[in-house]
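Read off the chains here:
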Amino acid sequence: KSKHGVIQANNQTFNKNELVKKKNNELFGEPWVSCDVCERWMHQVCALFNSRKDNPNSEQQYVCPICLIAESRRGEKERERDAAEQAKA
């Protein structure tokens, strides 16, 4: 809503004269990250990269969601195989 130089939205009030008019034409480089397992490059947001948790300057390995899922599936198959071998014994 707009009324007499004031805008109200989401239970907040903003003075129009304090707002800055901008265009949505600025180009900002999207940060990228490389997976240490498959070496794929992807946008940090697409790769679920958290710069607070996954520091790119640390020695800690970064593993992308694709590799994490593949690793999880391999683990499930190994657990199923182990369970089947134990059932035979």
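Criteria and cut-off values
- Residues numbered from 1 in each chain as written.
- Predicted model: local features only at pLDDT ≥ 70, side-chain atom pairs only at ≥ 80, totals over all residues.
- Heavy atoms only, no water.
- Helix = DSSP H or I, 4+ residues; strand = E, 2+ residues; numbered from the N terminus.
- Rg over C-alpha atoms; globule rule 2.2 N^0.38 Å.
- Buried < 20%, exposed > 50% of the residue type's maximum accessible area, 1.4 Å probe, protein only.
- Contact = heavy atoms within 4.5 Å.
- Areas by Shrake-Rupley, 256 points an atom, 1.4 Å probe, with all protein chains shown as cover.
- Lys, Arg positive; Asp, Glu negative; His and termini not counted.
- Charge placed at Lys NZ, Arg CZ, Asp CG, Glu CD.
- Phe/Tyr/Trp six-rings, centres within 6.5 Å; stacked < 30°, edge-to-face > 60°.

A. Looking closely at the overall build of the protein chain. When its secondary structure is counted, the protein chain shows one helix and five strands. Reading the secondary structure of the protein chain in the N-to-C direction produces β-β-β-β-β-α. Over its C-alpha atoms the protein chain spans a radius of gyration of 24 Å, topping by over 25% the 12 Å that the globule rule assigns to 89 residues. Each principal axis of the C-alpha distribution contributes one length, and for the protein chain these read about 80 × 30 × 20 Å. Per-residue burial over the protein chain gives 13% buried out of 89 residues. Considering only contacts within the protein chain whose residues lie at least 6 apart along the sequence, 30% involve residues at least 24 apart. Accessible surface computed for the protein chain: about 8,400 Å², of which carbon and sulfur atoms make up 49%. If the 15 positive side-chain charges of the protein chain are averaged to one point and the 13 negative ones to another, these points end up 14 Å apart.

B. Highlighting the packing of aromatic side chains. One pass over the structure, following the stated rule, counts one aromatic pair. The interplanar angle of 70° and the centroid separation of 5.3 Å between the aromatic rings of phenylalanine 49 and tyrosine 62 together place this pair among those described as edge-to-face. Of this pair, phenylalanine 49 sits in the loop between strand E5 (41-43) and helix H1 (65-88) while tyrosine 62 sits in the loop between E5 and H1, and the two are 13 residues apart along the sequence. Classification of phenylalanine 49 by relative accessible area gives buried; the value is 12%.

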